[in-house]
Amino acid sequence: MSPELDAARLAADELLLVPDHLMLRDGPVTGHAVHVAGGRFRDVGPAEVLSARHPHLVPVQLPGKLLMPGMIDAHHHLTQSFGKSLAYGEPSEIFRRVWVPLESSLDDEFVYLASKLAALESLRGGFTTVCDAGTRAPGDIGAVAAAVQEAGLRCVLGLICNDGGNDSSAAEREAIRTRAAQFLRDWSNAPLVHPSLAISVPEAASDEMLAGVSALCAEARTIFQTHVNEHLASVERSVVQRGKRPLELLAHLGALGPQVLIAHGTLVTPAELMLLRDTDTDTAVSYNPVASQWKGNAVAPANLMAALGIRFGLGTDATRSDAFRLMDAAEAAQKLAFGMAIGDASSGGGWTWLDHATHEGARAVGLGHLTGEIAVGKAADFLVVDVDTPEMCTSVDLTWDLVRLGNRDQITAVFVEGRLRLWEGWPPDWDARALQQRLARAAHAAIERAPIVRLHPTAAEHRRLSSMARARNAQ
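Residues numbered from 1 in each chain as written. Predicted model: local features only at pLDDT ≥ 70, side-chain atom pairs only at ≥ 80, totals over all residues. Heavy atoms only, no water.

(A) Layout of the overall build of the protein chain. Along the protein chain, the regular secondary structure elements total 17 helices and 16 strands. The C-alpha radius of gyration of the protein chain comes to 23 Å, within 12% of the 23 Å expected for a compact globule of 475 residues. If you line up the protein chain on its principal axes, its C-alpha atoms span 70 × 70 × 50 Å. Classification of the 475 residues of the protein chain by burial places 58% in the buried group. In the protein chain, of all internal contacts separated by at least 6 residues, the share reaching a separation of at least 24 is 76%. For the protein chain, the accessible surface area stands at approximately 19500 Å², while carbon and sulfur atoms represent 53% of it. Averaged over its 43 positive side-chain charges, the protein chain has a centre that lies 4 Å from the centre of its 56 negative ones. (Helix = DSSP H or I, 4+ residues; strand = E, 2+ residues; numbered from the N terminus. Rg over C-alpha atoms; globule rule 2.2 N^0.38 Å. Buried < 20%, exposed > 50% of the residue type's maximum accessible area, 1.4 Å probe, protein only. Contact = heavy atoms within 4.5 Å. Areas by Shrake-Rupley, 256 points an atom, 1.4 Å probe, with all protein chains shown as cover. Lys, Arg positive; Asp, Glu negative; His and termini not counted. Charge placed at Lys NZ, Arg CZ, Asp CG, Glu CD.)

The following block contains the structure:
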């Protein structure tokens, strides 16, 4: 009988792991093992072969467990996640009424605390990598970088480069470019932080800044992020002010390309889909289905994007950091928005959404060379998932079941860069509950002092108003 599995057995620098199921790029296999050392997958193959090839290691048996790639959140806002409850029931463009006022009121300490809590949520939800689109909080972005590194989460970290539009001065633009170039240099060799540049929305920057930041990212081989064609009002403002839709404007400026990741893309014309597909452009998209549900946006045609070969990943947009529920939402949104009307019962199939949550998501955020799959040489970013459950014990299609039935409570362990970061939902090497308590005390004060404008009542306020209305009607 093998020793009972615990966090101590998984904390070794070198491991030979033998799960019941191993999720490879082409699907799940049994009877396989992985060798992890130096933060990488060093060997993958039949368990008997690996045991013979690495006799110095005692195999760690993982009965009833699936070993699978950690999932990729292709669009996040780490410093907004603590205020997610503010978004419920709100109409679109909530960033104008809630997120800009909220983030502008945060100091470095709060940014650090909020980012570390968001990183913990991501790890608990099965994400080993997040792509952060940048914070508007004043101060040093190093607070976010410190938080994700301490939590052990891989992060594509965006620095916002807004210059306010075509009325900006040459001096303002040069100062932003200088800061951006320095940021890319400062973080170019960090193991878990991958620097990126961002412009919140195209209307927040001048033509020169949009083209220049995109070119800077292309030169540095990093990712340029921007929110594009998300809200109808934003699309219409772009047409009025710039004569083109946001995605058309980026194409006109030569600002699209393989270095570009657009967030949302919910409102795209056939011609704009072709812009994304173009081999010279090869622009990636973050498909954010939960954000569409929560904010009432349109749904990006992700299944059509997949058929056209457009690169895309799945993003939470700081809504709910649960990768399994995100995959379920990705399929469900496609079926409800597009599939039911044409009798498409599969709407992409479970494999599509698992692929775009893992290796395709890694490609979208510029890390396909590093993570997103169980393969020799790739970073050992992976999950150990309990599939010996009443819901899954009779599975005949594990891939579909992960999309339809998977739950973050089934995640036994989370590894990033070969190191155990989470065991049964909690970090083994730092006090997450103390962080929760510390941030909870500060969060309500931060929300109170920010000039937030909410248009929807809380549930308690709604019930109070409804009760008053019923009392008046009864008189």
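(B) The packing of aromatic side chains, seen in detail. Counting across every chain of the model gives six aromatic pairs. Residues Phe 41 and Phe 382 carry aromatic rings whose centres are separated by 5.6 Å and whose planes lie at 45° to one another, so their mutual orientation is tilted. One end of the pair, Phe 41, is in strand β4 (residues 40–46); the other, Phe 382, is in strand β14 (residues 382–386), and 341 residues separate them in sequence. Using a relative accessible area of 0% as the deciding quantity, one classes Phe 41 as buried. Among the residues examined, Phe 382 registers a relative accessible area of 0% and is labelled buried. On the numbers, 6.4 Å between centres and 80° between planes, the contact of Tyr 287 with Phe 312 is edge-to-face. Residue Tyr 287 is located in strand β12 (residues 284–287), and its partner Phe 312 is located in strand β13 (residues 312–314); the two are separated by 25 residues in the primary sequence. One exposure class covers both Tyr 287 and Phe 312, and it is buried. Taken together, the ring pairs in this structure connect Phe 41, Phe 382 and Phe 415 into an aromatic cluster. (Phe/Tyr/Trp six-rings, centres within 6.5 Å; stacked < 30°, edge-to-face > 60°.)

(C) Examining the sheet that holds strand β11 (residues 260–264) more closely. An order of β6-β7-β8-β9-β10-β11-β12-β13 is seen for the eight strands of this open sheet, with the pairing classed as parallel. The open sheet has two edge strands with one neighbour each: β6 (71–76) and β13. Within the sheet, the average angular offset between the axes of one strand and its neighbour, ignoring direction, is 25°. Each of β6, β12 and β13 is contacted by helix α13 (residues 349–357), which is oriented at about 90° to β13, the strand it contacts most. (Pairing = 2+ DSSP bridges. Axes fitted to C-alpha atoms, helices over the stretch in contact; angles between N-to-C directions.)

(D) Structural detail: the nonpolar core. Ranked by internal contacts, the top residues of the largest apolar core, which has 104 residues, are Met 68, Met 71, Leu 197, Tyr 287, Leu 314 and Met 327. Examining the composition of this core, we find that 10 residues originate from one element, helix α3 (residues 108–124), more than from any other. The contact partners of Met 68, leaving out residues within four places of it in the chain, are Met 23, Phe 324, Leu 354, Ile 374, Phe 382, Leu 383, Val 385 and Leu 402. If you look at the next biggest cluster of nonpolar residues, it comprises 19 residues, including Val 36, Phe 41, Ala 380 and Ala 413. (Core = buried A, V, L, I, M, F, W, Y, C linked by side-chain atoms within 4.5 Å.)

(E) Broad picture of unusual backbone geometry. The phi dihedral of Ser 347 is positive, around 50°, even though this residue is not glycine. Its location among the elements puts Ser 347 in the loop between α12 (323–339) and α13. For Ser 347, a relative accessible area of 0% translates into the label buried. The residue Glu 417 is not glycine, and still its phi comes out positive at about 55°. Among the secondary structure elements, Glu 417 is positioned in the loop between β15 (411–416) and β16 (419–423).

(F) Highlighting the pattern of salt bridges. Enumeration over the complete set of coordinates arrives at 21 salt bridges. Between Arg 237 and Glu 203 there is a salt bridge, with its nearest N and O atoms 2.9 Å apart. Linking Arg 237 in helix α7 (residues 232–242) with Glu 203 in the loop between β9 (193–199) and α6 (207–220), this pair joins segments that are 34 residues apart in sequence. For the salt bridge of Arg 404 with Glu 331, the shortest nitrogen-to-oxygen distance reads 2.6 Å. With Arg 404 in helix α15 (residues 398–404) and Glu 331 in helix α12, the pair connects residues that are 73 residues apart, well separated along the chain. (Salt bridge = Lys/Arg side-chain N within 4 Å of Asp/Glu carboxyl O.)

(G) Structural view of the side chain of Thr 128. Examined against the element boundaries, Thr 128 turns out to sit in strand β7 (residues 127–132). Its relative accessible area of 0% is what places Thr 128 among the buried residues. Sequence-distant contacts of Thr 128, that is, excluding residues within four places in its chain, are made with Gly 70, Met 71, Leu 153, Arg 154, Asp 381, Phe 382, Leu 383, Val 414, Phe 415 and Val 416.

(H) Spotlight on the environment of Thr 79. Looking at the element boundaries, Thr 79 is found in the loop between β6 and α2 (94–104). The spacing of Thr 79 and Pro 428 is 349 residues in sequence and 24 Å in space, taken between C-alpha atoms. Aside from chain neighbours lying at most four places away, what touches Thr 79 is Glu 103, Leu 106, Val 111, Ser 115, Thr 135 and Val 144.

(I) Quick peek at the layout of surface pockets. Size it by volume and the largest pocket reaches roughly 450 Å³. Together, 23 residues line the largest pocket, and Arg 221, Thr 222, Gly 366, Leu 367 and His 369 are the ones closest to its centre. Counting residues per element, the lining of the largest pocket draws most heavily on β9, at three residues. Looking at the lining of the second largest pocket element by element, the count peaks at five residues for helix α16 (residues 432–449). (1 Å grid on protein atoms, 1.4 Å probe; cavity = no way out; pocket = protein on both sides within 12 Å on 5 of 7 lines; lining within 4 Å. Points joined across faces, edges and corners; volume = space filled by probe spheres on them.)

(J) Representation of the environment of Leu 117 within the structure. Along the chain, Leu 117 turns up in helix α3. Taking the C-alpha atoms as reference points, Leu 117 and Arg 245, separated by 128 residues in sequence, lie 36 Å from one another. Excluding residues within four positions of it along the chain, Leu 117 makes contact with Leu 435, Gln 436 and Leu 439.

(K) Structural context of helix α4 (residues 142–151). The buried fraction of α4 amounts to seven of the 10 residues, a majority that puts the element mostly inside the structure. Buried residues of α4: Gly 142, Ala 143, Val 144, Ala 145, Ala 147, Val 148 and Ala 151, and no others. Looking one or two residues past α4, Gly 152 carries a phi angle of roughly 90°, positive in sign.

(L) Representation of α3. Taking 1.5 Å of rise per residue, the 17 residues of α3 would be expected to cover 24 Å, and the 24 Å separating its terminal C-alpha atoms lies within 8% of that figure. Counting buried residues in α3 gives 14 out of 17 residues, a clear majority hidden from the surface. Remark: Gly 126 follows α3 within two positions and exhibits a positive phi of approximately 95°. (Expected span 1.5 Å × (residues − 1).)

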